[in-house]
Amino acid sequence: FSKQYFKPLIVAFLVAMFNQFSGINAILYYAPRIFELRGLSVSDSLFQSILIGITNGIFTILGLVLIDKVGRKKLLIIGSIGMSICLGLIAKTFYTPDFTGDGLLIFLLTYIMFFGFSTGAVIWVLIAEVFPNRIRGKGQSFGSFTHWFFASVITFLFPIIAKTSQFGVGHAFMFFSIMMMIQIIVVWKYFPE
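Remember, predicted model here, so these are calculated numbers, not experimental data.

**Student:** Got a sec to walk through the packing of helix 4 (residues 72-95) against helix 6 (residues 119-129)? Specific residues and values, please.
**Tutor:** Helices that pack against each other are described as a pair by the angle of their axes relative to one another and the distance between those axes. Between helix 4 and helix 6, whose axes approach to 10 Å, the crossing angle comes to 145°. Taken as a pair, helix 4 and helix 6 cross one another with a handedness that is left-handed. Residues R72, L75, L76 and M83 of helix 4 touch helix 6, and the partners they reach there are T119, V122, V125, L126 and E129. For the contact of helix 4 with helix 6, the residue count by class is six nonpolar, one polar and two charged.

Here you go:
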């Protein structure tokens, strides 16, 4: 925590925080419930959750292939733009009472594609690379702690926010969308390549 490592610590903190403020764990942990809230049956909701997991795996591998060719910043910015749009559309489905679950699936799968090849793949590489070798282990521990701390916060708060009103889930996804807009600016202005 010395002054010379301030910038790497901030980058590790922000990339881990934004990773969770993208809403990924709210989606992965609560996908069946999210689909049920849009009128799908329990069995359809579980099947669509499997599609989300498969899509995440495929596009995370794509991100690992692209990361050195395209660059960390570009992947984060492109992914953040796509995620922000998708999250806004997901929020809209919860603000529109007659919206169907099938449209929600398309928005969620598209979101997962953008997440997988950007934030999902870049976080662990960036946290490792931003620190000098002599403190890399401690730096990665800090980044991992930040990541899982915010994962627990989102996991705890999402169902509470979802129950606050009939638009609670929409509010949560709108928050995630806004966080991805902020991430675009932060990554563009402050993150190293």
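**Student:** Tell me what's going on with the packing of aromatic side chains, and back it up with residues and numbers.
**Tutor:** Tallied over the entire structure, the rule returns 14 aromatic pairs. Their ring planes at 70° and their centres at 5.5 Å tell us that F21 and F175 sit as a pair that is edge-to-face. Placement of the pair is F21 in helix 1 (residues 6-21) and F175 in helix 8 (residues 168-190), with a sequence separation of 154 residues. For F21, a relative accessible area of 13% gives the class buried. What makes F175 partly exposed here is its relative accessible area of 36%. When the ring of Y95 is compared with that of F167, the centres are 5.8 Å apart and the planes differ by 55°; the resulting orientation is tilted. Linking Y95 in helix 4 with F167 in the loop between helix 7 (136-164) and helix 8, this pair joins segments that are 72 residues apart in sequence. According to the relative accessible area criterion, F167 is partly exposed, its value standing at 29%. One aromatic cluster is present, built from ring pairs that chain together F13, F21, Y30, F94, F142, F145, F149, F150, F158, F173, F175 and F176.

Cut-offs used in this document
- Residues numbered from 1 in each chain as written.
- Predicted model: local features only at pLDDT ≥ 70, side-chain atom pairs only at ≥ 80, totals over all residues.
- Heavy atoms only, no water.
- Axes fitted to C-alpha atoms, helices over the stretch in contact; angles between N-to-C directions.
- Helix = DSSP H or I, 4+ residues; strand = E, 2+ residues; numbered from the N terminus.
- Left-handed = near helix turned anticlockwise from the far one by under 90°.
- Contact = heavy atoms within 4.5 Å.
- Nonpolar A, V, L, I, M, F, W, Y, C, P; charged D, E, K, R; others polar.
- Phe/Tyr/Trp six-rings, centres within 6.5 Å; stacked < 30°, edge-to-face > 60°.
- Buried < 20%, exposed > 50% of the residue type's maximum accessible area, 1.4 Å probe, protein only.

Without other data, these values stay purely geometric and don't point to any function.
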